Amino acid sequence: MEVLFLLSVSAALKQGQITPTELCQKCLSLIKKTKFLNAYITVSEEVALKQAEESEKRYKNGQSLGDLDGIPIAVKDNFSTSGIETTCASNMLKGYIPPYNATVVQKLLDQGALLMGKTNLDEFAMGSGSTDGIFGPVKNPWSYSKQYREKRKQNPHSKNEDSDWLITGGSSGGSAAAVSAFTCYAALGSDTGGSTRNPAAHCGLVGFKPSYGLVSRHGLIPLVNSMDVPGILTRCVDDAAIVLGALAGPDPKDSTTVHDPINKPFMLPSLADVSKLCIGIPKEYLIPELSSEVRSLWSKAADLFESEGAKVLEVSLPHTSYSIVCYHVLCTSEVASNMARFDGLQYGHRCDINVSTEAMYAATRREGFNDVVRGRILSGNFFLLKENYENYFVKAQKVRRLIANDFVNAFNSGVDVLLTPTTLSEAVPYLEFIKEDNRTRSAQDDIFTQAVNMAGLPAVSIPVALSNQGLPIGLQFIGRAFCDQQLLTVARWFEKQVQFPVIQLQELMDDCSAVLENEKSASVSLKQ
């Protein structure tokens, strides 16, 4: 029985081959076995088992709520969850329990999904490694995969030390690790500059960022309001489409959402004729820092489309070189504004100093935020100073418009989707990653992803192949605004062609028969 994917296990639930409670217990067992990955901040075991019990009753009465009924999911810990601690991996919100659910969380629960827990991240989602939160870094499950370990044994220079584990990417690294390690079937991340697509690429997953306005941001603790989008992490494109179908649509609590332009239930059509496609390759994305392996796979992917009759065009996004600086100015400016709400008065951390209101503010924020968050607040406030506003913030907004217009012009030239790298290279060891400061790392890691957020476009990272080290490499497809369905349809066709191998974690889950030997089969046994 194929139960690696959400749709497969959903069919198994409908046929009575497994019950929601059995499925929930299996995932809880895997969460405990993989606790050392540090993927979860909070495991909501009692809540999940109660939800499974309710789901089981619905199945017995023939009243299933749909494909997500009884499906274990995880949620990044910057989405509000009623009655469940929501920390943003920060001392500022440690112990904070929201009184309501984020709209996306509520929509998943309304369709019967089981909430396994809240996942780890960089503090307030500011980072690209999931290494800077107060609960410690997230470890990439591929660090412990058979594929990676066998390659390391072949390398005479490899120390093969347990301390040499790999980062997941970020900031949604906990959600990526949770899905990659089979502890859930889908997870919510947030994507402000690539925070869902980046860890998806490093963890061998599908990471989807919807068009801005297609999915509600209500209850997602804001980082950059004009760029934040709830993201979806799954093990295949069809599963991402199912989750998107549950989430998409207008929300009266979020004025930036638009009328739902997709049909429901959201099932992807087959790509009937690849030869009618036009794939754009942005020439500015071919940069010296791009690893030779990623460059080679990018080229092979373009050749694959061409060999099937698709038209492959080189396109220009001329303002790409300005995008990182522009993103930094706009991001930190909105961060400075958003972080002002954490003052120690209404909720969250409050220091013990009571000399004056100003002293209390300062001490609360010094104790509550880490260096990265404080640094971005300082940068943003500098850009927003009266004497700097025109020269920095206003100019950055103008450049943002030029960047968005670059994409419009590319699509108006006849291109259907753009094909780019997602990251510069495969995942790197933690000890190597932390040699650079957070700002430098983020600037490097977001280079192919953040422009999409400034333009509000949909984008998806698809795992393509394993590197020479046995680690996942992903490529990114970018679509026209609100053409999410077309984008995912192309991505699914590509996914079928490349046949990305399943992670093999037998040593982690030897008694669960977790992943079968055949790399090209997508078959996992849930029943012992």
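Under an unreviewed UniProt entry, the name given to the protein is Glutamyl-tRNA(Gln) amidotransferase subunit A, mitochondrial, and the organism recorded is Macaca nemestrina. Under the UniProt heading Subunit (unreviewed entry), the note attached to the protein is "Subunit of the heterotrimeric GatCAB amidotransferase (AdT) complex, composed of A (QRSL1), B (GATB) and C (GATC) subunits."

Chemist: Just to check I follow, could you spell out the packing of helix 4 (residues 103–110) against helix 8 (residues 237–247) for this structure?
Modeler: Packed helix pairs are characterised by how far apart their axes lie and by the angle those axes make with each other. Viewed as axis vectors pointing N to C, helix 4 and helix 8 meet at an angle of 105 degrees, and their least axial separation amounts to 9 Å. Classified by the angle their axes make, helix 4 and helix 8 are roughly perpendicular. Between helix 4 and helix 8, the residues in contact are V104, K107 and L108 and V243, A246 and L247, respectively. Among the residues making up the contact of helix 4 with helix 8, the classes are represented as five nonpolar, no polar and one charged.

Chemist: Which parts of the structure should I look at to understand the nonpolar core?
Modeler: Counting 135 residues, the largest nonpolar core has M116, F124, F305, F407 and F477 as the members making the most contacts within it. At eight residues, the largest contribution of residues to this core is made by helix 8. Beyond its immediate sequence surroundings of up to four residues, F305 is in contact with V274, L277, I279, A310, V312, F477, V490, W493 and F494. Residues L4, W142, Y148 and C236 belong to the second largest nonpolar core, which totals 14 residues.

Chemist: Would you take a moment to explain the sheet that holds strand 7 (residues 278–282) for this structure?
Modeler: Sheets are built from strands that pair by backbone hydrogen bonding, the pairs being arranged parallel or antiparallel. The strand order across the open sheet formed by 11 strands is 1-3-2-4-6-5-10-11-9-7-8, and the pairing between neighbours is mixed. With partners counted over all chains shown, the strands left at the sheet margins are strand 1 (40–43) and strand 8 (311–315), one partner each. Each strand of the sheet is rotated relative to its neighbour by a mean of 30 degrees, with strand direction disregarded. Of the strand pairs in this sheet, strand 5 (residues 206–209) and strand 10 (residues 459–466) are connected by three bridges, and their pairing is antiparallel. Across the sheet, G207 pairs through a bridge with S461, a residue of strand 10. Contacts from helix 4 reach strand 2 (72–76), strand 3 (114–119), strand 4 (186–191) and strand 6 (229–234) within the one sheet, and its direction differs from that of strand 4 by about 165 degrees.

Chemist: Explain a nonpolar patch on the surface here, please?
Modeler: A contiguous nonpolar patch, built from F382, L385 and Y392 and spanning about 250 Å² of accessible area, is present on the exposed surface. Residue placement: Y392 occurs in helix 13 (residues 390–412). Since its relative accessible area comes to 33%, Y392 is described here as partly exposed.

Chemist: Sorry if this is basic, but what is going on with the UniProt feature "active site" (unreviewed entry) in the protein here?
Modeler: Under the local residue numbering, the UniProt record ascribes the feature "active site" (unreviewed entry) to K76, S171 and S195. Judged by maximum C-alpha separation, these annotated positions cover 120 residues in sequence but sit close together in space, the widest gap being only 11.1 Å. Within the secondary structure, K76 is located in strand 2. Side chain to side chain, K76 and S171 meet in a polar contact 2.8 Å long. The topology assignment puts S195 in the loop between strand 4 and helix 7 (197–203).

Cut-offs applied
- Residues numbered from 1 in each chain as written.
- Predicted model: local features only at pLDDT ≥ 70, side-chain atom pairs only at ≥ 80, totals over all residues.
- Heavy atoms only, no water.
- UniProt positions renumbered as here; feature names shortened; annotations may be inferred.
- Axes fitted to C-alpha atoms, helices over the stretch in contact; angles between N-to-C directions.
- Helix = DSSP H or I, 4+ residues; strand = E, 2+ residues; numbered from the N terminus.
- Parallel < 35°, antiparallel > 145°, perpendicular 65-115°, else oblique.
- Contact = heavy atoms within 4.5 Å.
- Nonpolar A, V, L, I, M, F, W, Y, C, P; charged D, E, K, R; others polar.
- Core = buried A, V, L, I, M, F, W, Y, C linked by side-chain atoms within 4.5 Å.
- Buried < 20%, exposed > 50% of the residue type's maximum accessible area, 1.4 Å probe, protein only.
- Pairing = 2+ DSSP bridges.
- Patch = residues over 30% accessible without salt bridge, like charges linked within 9 Å, V, L, I, M, F, W, Y side chains within 5 Å.
- Areas by Shrake-Rupley, 256 points an atom, 1.4 Å probe, with all protein chains shown as cover.
- Salt bridge = Lys/Arg side-chain N within 4 Å of Asp/Glu carboxyl O.
- Polar contact = N/O pair within 3.5 Å; in protein donor to acceptor, adjacent residues only side chain to side chain.

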